[in-house]
Amino acid sequence: MNINRTLFYKLHTGTLLWLLLGVSVLTVTRVQPILAVLCVLSGALSFLCYGQRLELRALLRFCLPVGAVLVLCNVLFSRNGMTVLFYIGDAAVTLESVLYALLSALHFTGAALWFSFYCAFLDADRIYRLFSGVSRGLAIIFSLSMALVPKTLQKYEQTCAALPASADKDNKLTVRFLRLSALFSWVLEDSFQTAVSMKARGAMCPMCRTRQKYRFSVGDTAAVLLTVGEMCAVFLAPPLKAEIYPCFRPSVYFEQAWIYIPLAFFYFMPCLLKLWEVCKWKFSVQRI
Amino acid sequence: MEIFSAKDLTFTYTGAEAPVLNGVSFSVESGAFVLLYGASGCGKTTLLRLLKNEIAPKGRRTGQLNFDGRPISEMPYEDSVKNISFTAQNPDTQQVSEYVRNELRFLPENLGLSEAEIRLKVAETVSFFGAQDLYNRNIRTLSGGEKQLVNLMAAFVCSPRLLLLDEPFSMLDPFSGERFLRALLKLHTELGVTVVLTEHNIQPILPYITQVLVLEQGRCKAYADADAFLRAYPTAAPSALIPSVTGIAVLDSVPKTLGQCRTLVQSHKLSLHFSEPIEVPRGEPLISLRHASFRYKKGSEDVLRAVDFTLCRGDCFAVIGANGAGKTTFLKLLSGELAPYSGKVKRAEHLSCAVVPQNPQACFAFDTVGEILNAAAVPPTAKTLFKLFNGTSNPAPVNSRVQEIAETLGLLEFLPRNPFDLSAGQQQRVAVAAALLKDPDVLLFDEPTKGLDPACRQSLCRQLRELQEIGKTVLFVTHDLDFVAETAAHCALLFDGEFVLQAPRRMFFTSGTVYTSSTAQVFCDTDPVCRPVSLSEVENGKA
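(A) Just the overall build of chain A, in detail. Counting secondary structure elements, chain A contains 12 helices and two strands. Helices and strands in chain A line up, N terminus first, as α-α-α-α-β-β-α-α-α-α-α-α-α-α. Across the 288 residues in chain A, those meeting the buried criterion constitute 44%. Looking at chain A alone, contacts between residues at least 24 apart form 71% of all its contacts between residues at least 6 apart. Accessible surface for chain A amounts to roughly 15,900 Å². Of this, 72% is attributable to carbon and sulfur atoms.

(B) Main features of the nonpolar core. All names here are of chain B. Within the largest apolar cluster, 60 residues are counted, with the highest numbers of intra-cluster contacts made by Leu373, Phe476 and Phe509. Looking at this core, the element that brings in the most residues is helix H15 (residues 424-437), giving eight residues. In this structure, phenylalanine 509 is in contact with Ile320, Leu481, Val484, Ala485, Cys491, Tyr515, Thr516, Ser517, Ala520 and Val533, ignoring residues within four places of it in sequence. With 54 residues, the next largest nonpolar core counts Leu111, Leu142, Ala155 and Leu181 among its residues.

(C) Spotlight on empty space enclosed by the protein. Residue and element names in this part refer to chain A. Taken as a whole and judged by the stated rule, the model has three cavities of 30 Å³ or more. Estimates place the volume of the largest cavity at around 60 Å³. Lining the largest cavity are Val23, Ser24, Thr27, Val28, Cys39, His107, Gly110, Ala111 and Trp114. At the level of elements, helix H2 (13-29) and helix H5 (95-121) are the ones that each hand at least two residues to the lining of the largest cavity. Across the lining of the largest cavity, the residue classes break down as five nonpolar, four polar and no charged.

(D) Representation of the sheet that holds strand S4 (residues 59-67) of chain B in the model. Residues and elements named next belong to chain B. Strand order in the open sheet formed by four strands is S2-S1-S4-S5, and the pairing between neighbours is antiparallel. In this open sheet, the two edge strands, each paired with only one partner strand, are strand S2 (21-29) and strand S5 (70-71). Here S4 pairs with S5 via two bridges, running antiparallel. The residue of S5 that forms the bridge with asparagine 66 is proline 71.

(E) Main features of the packing of aromatic side chains. This structure, assessed with the given rule, holds 32 aromatic pairs over all chains. Plain terms: the ring middles of A:Tyr9 and A:Phe121 are 6.4 Å apart, the flat faces sit at 45 degrees to each other, and that makes the pair tilted. Highlighted residues: A:Tyr9 in helix H1 (residues 7-10) and A:Phe121 in helix H5, separated in sequence by 112 residues. Residue classification places A:Tyr9 among the buried positions, given a relative accessible area of 3%. Centre to centre, the rings of B:Phe309 and B:Phe499 are 5.6 Å apart; their planes meet at 25 degrees, and the pair counts as stacked. A residue pair is termed long-range when its members are at least 10 positions apart, and B:Phe309 in strand S12 (residues 304-312) and B:Phe499 in strand S19 (residues 498-504) qualify at 190 residues. Looking at B:Phe309, the relative accessible area reads 1%, which means it is buried.

(F) Spotlight on the sheet that holds S19(B). Residues and elements named next belong to chain B. Spatially, S15-S16-S17-S13-S18-S19 is the arrangement adopted by the six strands of the open sheet, whose pairing is mixed. The sheet is open, and its two borders are formed by strand S15 (353-356) and S19, each paired with just one other strand. Within the sheet, the average angular offset between the axes of one strand and its neighbour, ignoring direction, is 15 degrees. Examined bridge by bridge, strand S18 (residues 490-495) and S19 share six bridges and lie antiparallel to one another. Note on S19: the bridge partner recorded for leucine 494 is phenylalanine 499. Contacts from H15 reach S15 and strand S16 (442-446) within the one sheet, and its direction differs from that of S15 by about 175 degrees.

(G) View of the packing of helix H3 (residues 33-49) of chain A against H5(A). Residues and elements named next belong to chain A. At a minimum axis separation of 8 Å, H3 and H5 run at an interaxial angle of 35 degrees. Every pair of crossing elements has a handedness; the one defined by H3 and H5 is left-handed. Two secondary-structure elements touch here, H3 through Pro33, Ala36, Val37, Cys39, Val40, Ser42, Gly43, Ala44, Ser46 and Phe47 and H5 through Leu103, Leu106, His107, Thr109, Gly110, Leu113, Trp114, Ser116 and Phe117. Its residues placed into classes, the contact of H3 with H5 shows 12 nonpolar, seven polar and no charged.

(H) Just the interface of chain B and chain A, in detail. On the side of chain A, 50 residues touch chain B, which itself brings 52 residues to the contact. Where chain B abuts chain A, roughly 4,600 Å² becomes buried across the two surfaces, and 52% of that area is made up of carbon and sulfur atoms. Among the residues of chain B in contact with chain A, B:Thr93, B:Glu109 and B:Asn110 are the three that bury the most area, contributing 12% of the side total. Joining chain B to chain A, the criterion identifies two salt bridges. Across the pair A:Arg129 and B:Glu109 runs a salt bridge, and its minimum N-O distance is 2.7 Å. Inspection of the region where chain B meets chain A yields 16 residue pairs in polar contact (both at pLDDT 80 or more). Elements represented by at least two residues in the side of chain B that touches chain A include exactly helix H2 (77-83), helix H3 (100-110), helix H4 (115-129) and helix H13 (382-389) of chain B.

(I) The arrangement of the packing of H3(A) against helix H4 (residues 53-77) of chain A in detail. Residues and elements named next belong to chain A. Following both chains from N to C, one finds H3 and H4 inclined at 145 degrees, their axes separated by 7 Å at the closest point. Residues Ala44, Phe47 and Leu48 of H3 lie in contact with H4, whose contacting residues are Arg53, Glu55, Leu56 and Leu59. In terms of residue class, the contact of H3 with H4 is built from five nonpolar, no polar and two charged.

(J) Looking closely at unusual backbone geometry. Residues and elements named next belong to chain B. Backbone geometry at aspartate 439 places phi at a positive 50 degrees, although glycine is not the residue there. Along the chain, the position of aspartate 439 falls in the loop between H15 and S16. Owing to a relative accessible area of 42%, aspartate 439 belongs among the partly exposed residues under this scheme. We note that glutamate 447 has phi near 50 degrees; this positive angle belongs to a residue other than glycine. For glutamate 447, the location among the structural elements is in the loop between S16 and helix H16 (454-469).

(K) View of the pairing of strand S11 (residues 285-294) of chain B. All names here are of chain B. By the criterion of burial, S11 is predominantly enclosed, with seven of the 10 residues buried. One ladder, built from six bridges, connects S11 with S12; its direction is antiparallel. The residue of S12 that forms the bridge with proline 285 is cysteine 312. Two elements, S11 and strand S14 (residues 342-347), share five bridges in a ladder whose sense is antiparallel. What sits directly across from isoleucine 287, in S14, is arginine 347.

(L) Up close: a negative patch on the surface. On the surface, a cluster of negative charge is made up of B:Glu404, B:Glu407, B:Glu466 and B:Glu469. Along the chain, B:Glu407 falls in helix H14 (residues 400-408).

Calculation rules
- Residues numbered from 1 in each chain as written.
- Chains lettered and ligands numbered in written order.
- Predicted model: local features only at pLDDT ≥ 70, side-chain atom pairs only at ≥ 80, totals over all residues.
- Heavy atoms only, no water.
- Helix = DSSP H or I, 4+ residues; strand = E, 2+ residues; numbered from the N terminus.
- Buried < 20%, exposed > 50% of the residue type's maximum accessible area, 1.4 Å probe, protein only.
- Contact = heavy atoms within 4.5 Å.
- Areas by Shrake-Rupley, 256 points an atom, 1.4 Å probe, with all protein chains shown as cover.
- Core = buried A, V, L, I, M, F, W, Y, C linked by side-chain atoms within 4.5 Å.
- 1 Å grid on protein atoms, 1.4 Å probe; cavity = no way out; pocket = protein on both sides within 12 Å on 5 of 7 lines; lining within 4 Å.
- Points joined across faces, edges and corners; volume = space filled by probe spheres on them.
- Nonpolar A, V, L, I, M, F, W, Y, C, P; charged D, E, K, R; others polar.
- Pairing = 2+ DSSP bridges.
- Phe/Tyr/Trp six-rings, centres within 6.5 Å; stacked < 30°, edge-to-face > 60°.
- Axes fitted to C-alpha atoms, helices over the stretch in contact; angles between N-to-C directions.
- Left-handed = near helix turned anticlockwise from the far one by under 90°.
- Buried area = accessible area lost by both parts, 1.4 Å probe.
- Salt bridge = Lys/Arg side-chain N within 4 Å of Asp/Glu carboxyl O.
- Polar contact = N/O pair within 3.5 Å; in protein donor to acceptor, adjacent residues only side chain to side chain.
- Patch = residues over 30% accessible without salt bridge, like charges linked within 9 Å, V, L, I, M, F, W, Y side chains within 5 Å.
- Lys, Arg positive; Asp, Glu negative; His and termini not counted.
- Charge placed at Lys NZ, Arg CZ, Asp CG, Glu CD.

If you want it as structure tokens, here you go:
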């Protein structure tokens, strides 16, 4: 799927950053099992909605083992909790420590999912255009650094092929040093060439200015206002009002379960936008 | 009308003793198509960059260099950016943006144009080049040829009067190069843009060149039209060389295309005879692939499909194919860097392979060429490495073999220099020398002639023949069909992940009409048994 043509991609870079920030802050500052589950589910569903099944699978392959390690470490080293499940030697394994570790693993997976999902939408060009109004030089450095990561990884593969290691242990270490040395020189040299190309195209021109290609549209205003209002409502609502500061004790609001409805709306916004797009297209086709 | 001129131009890099350009004088008319010709490191790129003030190298300059009658060094920044555009050799390092649509906006934004003007200029440029298919693409997903076309569009977007191109074809395969050349010619012929470019493989652009400036060790050796240049330097292009070696007297203009050359040869009815047998004997198998298939990701398409291939001792094998055919992947399977997901790879015991990468920079781990070659000959230990990185290194040859290889490849004078200060062709030679010094059983080259000038190509060709004579096994993947015709004993054509033809060299080049050498194209009407496929055969056949 070409995500560049989706409604979500067309949102202003600032709006996208705001949504990413909102999701991250909301999930990390509330130790809420339901929010963590919502975060992971909505993140995974967003990947699927925008046709990034393979990327989701690759990410889960990384996140799930890391999550498992987190659970294992917490179970082995944390002795907190009242409900003892069993003993390993003299050490008690409690239900609370298992649940808390599971929650941490969900937080980690959710954060990784959302960050990767937004990375597909927040490319280096958008970051450059968002910040170049503030400082063009810094924006160029930042966006080029973002683009440098995949390029460097690609170059590292080529360096490994050009400087293969033998089975000898001492040689392995030296070859690793040599590879890093070659890689840094190469990346630096290519950066110089990019700088020459930029200078040749007037990067230092005194009259240069970056046009904001992505306009802050009505949709952006609506998205930001909606999420701001929703956040205010949620944070000022009785269950969360008392916990305006980050809390580290897991809790679930069974009595005020309605609070999760607007939060779910917030988490599933990319999916809802996609749904809206699909429905709109279907109705347009029917009318034709 | 003169657009720019140089008079007694001399330039010396900061810290260098000898000037890289020495008393160069020439003038270029508006609308001309000028070729800067010369060996690697003769000062072509320096001259090109001096023509654009904002990227001019640091150093001492004397003499005059004028654009539109006024010194280039006094041109206002905006004027220089707007009127003179520059495209560098490496298509991968020139982009600032992630998407083509944003890359094209970079120059007009820098010139402070309004949004409406930017949109118009970008739309005009994309339409002019017929590149709507590229407009919304991520630059990372483009091929080398497409990237170079984007670089040309990004340089042209504000309609410059002078276009400077530094070896724009050197990293492109012939078919990608064709699209780029069409775009360049459209600019030149329809819009009258003056083009100044450096290039080693000049056959495709020969018919369009109006003037050639020949540089030799920084001095202007000749400045003439294409015809006079080809009479003085027939080795520059096969179409001029073939009449020269066959002894055909060229009365009118020197043939500038292979078609013109063919007509000339046909009119003289040459009879050529060869003693080379069609079948070339082969040694014991060293690496064999049986039904090997490979894909980079599960679920993605196969890059190589059920490939059967055997590399034997003493082979000099060339693998040819367009971009994306799977050549580099095939090379990685042979070297053991990748493994097939189905099929088998069988290697002889204790077999050592060395790979010369497509980008020679990948193996430049030291500050000087001498250290790189020494490390290739005698692998450094952790202790020696520590000494090297602490600046107590010595670029002098560590043994006679380093000295010998460096001498053969013309690298002796570069031993104390930083490899990144060398030209692309010289860098390629350093990588080749480093691979040769590892003394492997099998040498695998990925595009060995990329960026090499004709003299270096000849030298590499000789080197490969010598290696074959002493029993080394060589395999290279390349687009350079003339080099293959001169060097290889066996050839294979890789298309869409499969070998469609594997044959001894002569059989390979006489059985195709497109994937064949310039010489075979010129002599295509000759009987295949006595059809020459390389220039050396033309010389031998003539005798």
